[in-house]
Amino acid sequence: MAATSRQAASESQDAPVPVIVAVDGPSGTGKSSTSRAVAVKLGLSYLDTGAQYRAITWWMLKHGVDVRDASAVAAAADRPEIVSGTDPVDPTITVDGADAAGPIRTQEVTDAVSAVSAVPGVRARITELQRAIAAGAPTGIVVEGRDIGTTVLPDADVKIFLTASPEARAARRGGELKAAGGGQGVDLDATREALLKRDAADSGRKTSPLRKADDAVEVDTTELALDQVVECVVTLIEEKRQAG
Ligand SMILES: Nc1ncnc2c1ncn2[C@@H]1O[C@H](COP(=O)(O)OP(=O)(O)O)[C@@H](O)[C@H]1O
Ligand SMILES: Nc1ccn([C@H]2C[C@H](O)[C@@H](COP(=O)(O)OP(=O)(O)O)O2)c(=O)n1
């Protein structure tokens, strides 16, 4: 729904105007952690769009579609049924009715997701889904990804672009990998290189690349603790709400 019709609809019931927040940025900058915490604090819905691209990628791999063959991927793009649960306390994702939260985080999916998400037919389908979810969020929503402020929700009320140094991002991802691997050592140089390679693919694709929207507020999280980033985003949203 456009901002004005959303406003009119909710003013008629004296309900607060739903707020749409777009959070974009490269991998490991804190998009998911920040967006979830902000949504919990403000009573908003939450959508992890990366999980949707991972879900469609998982489906392609599972069904033997060659992820390097863009036309094969495009031909299958409408087949999986992807459903996102938007409660920030317990976000969910299913593919054809099966819980996909675990399988979408495998290295195989991570290695293939940039190729699948570069296919225009995949982006068109997922973008439509994302817009429908955002329009249906009763109090508003925090949507995080790569192209939310530029393409999916260009009229979002608040746009944030998170950044952090490659070293900080690799250290954060390394911490996650170490925890997942039962405390085993992680090669931080290799983690950093893999992040930079994915950034380059996501920023270099033709269709809605990873890019800061001109009207987004950039927040460098390198030296900030997560709760400082959350506070900063909450303040920006509250300022916007007070301004009208
Ligand atoms: N400001 C921060 N300082 C330190 N660690 C952070 C910060 N923000 C997020 N993290 C941690 O970094 C990791 C990646 O964060 P995540 O939110 O998944 O990033 P993204 O969604 O951008 O890939 C998580 O383990 C998270 O707890
Ligand atoms: N809005 C989006 C969100 C994610 N993608 C693609 C590009 C990303 O490398 C993958 C995975 O996204 P995800 O947010 O899960 O990535 P992280 O591993 O958390 O950094 O999906 C996208 O193309 N557009």
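Our structure's up above, just so we're on the same page.
Residues numbered from 1 in each chain as written. Chains lettered and ligands numbered in written order. Predicted model: local features only at pLDDT ≥ 70, side-chain atom pairs only at ≥ 80, totals over all residues. Heavy atoms only, no water.

In terms of regular secondary structure, the protein chain is built from 10 helices and 8 strands. A globule of 244 residues ought to have a C-alpha radius of gyration of about 18 Å, and the protein chain, at 18 Å, matches this closely. With the C-alpha coordinates of the protein chain rotated into their principal frame, the extents come out at 50 × 40 × 30 Å. Looking at the 244 residues of the protein chain, the share that counts as buried comes to 44%. Put simply, 76% of the contacts in the protein chain that link residues at least 6 apart link residues at least 24 apart. Summed over its atoms, the accessible surface of the protein chain is roughly 11700 Å², and 53% of this surface lies on carbon and sulfur atoms. Averaging the locations of the 27 positively and 35 negatively charged side chains of the protein chain gives two centres separated by 3 Å. (Helix = DSSP H or I, 4+ residues; strand = E, 2+ residues; numbered from the N terminus. Rg over C-alpha atoms; globule rule 2.2 N^0.38 Å. Buried < 20%, exposed > 50% of the residue type's maximum accessible area, 1.4 Å probe, protein only. Contact = heavy atoms within 4.5 Å. Areas by Shrake-Rupley, 256 points an atom, 1.4 Å probe, with all protein chains shown as cover. Lys, Arg positive; Asp, Glu negative; His and termini not counted. Charge placed at Lys NZ, Arg CZ, Asp CG, Glu CD.)

Strand order in the open sheet formed by 5 strands is β2-β6-β1-β7-β8, with parallel pairing between adjacent strands. Sheet topology places β2 (45-48) and β8 (217-220) at the edges, where each strand pairs with a single neighbour. The mean inter-strand angle of the sheet, taken between neighbouring strand axes irrespective of direction, is 20°. Alignment of strand β1 (residues 19-24) against strand β7 (residues 158-163), held across 4 bridges, turns out to be parallel. The residue bridging valine 23 from the neighbouring strand is isoleucine 160, located in β7. (Pairing = 2+ DSSP bridges. Axes fitted to C-alpha atoms, helices over the stretch in contact; angles between N-to-C directions.)

Now for the side chain of aspartate 48. Considering the arrangement of structural elements, one finds aspartate 48 in strand β2. A distance of 3.1 Å separates a polar atom in the side chain of aspartate 48 from the backbone nitrogen of glycine 50. A polar contact is formed between the side chain of aspartate 48 and the backbone nitrogen of alanine 51, at a distance of 3.1 Å. Once you skip the residues sitting within four places of it in the chain, aspartate 48 turns out to touch Ser32, Arg105 and Glu144. (Polar contact = N/O pair within 3.5 Å; in protein donor to acceptor, adjacent residues only side chain to side chain.)

Surrounding ligand 1, one finds 15 residues, the nearest of these being Gly28, Lys31, Ser33, Arg173 and Leu224. Glycine 28 has a polar backbone atom sitting 2.9 Å from an oxygen atom of ligand 1. A distance of 2.8 Å separates an oxygen atom of ligand 1 from a polar side-chain atom of lysine 31. For ligand 1, whose unbound accessible area comes to 560 Å², protein coverage reaches 77%. Of all the elements in the fold, those that place two or more residues in the shell around ligand 1 are α2 (31-42), α8 (166-180) and α10 (226-243). The class makeup of the residues in the shell around ligand 1 is 5 nonpolar, 6 polar and 4 charged. (Near = heavy atom within 4 Å. Nonpolar A, V, L, I, M, F, W, Y, C, P; charged D, E, K, R; others polar.)

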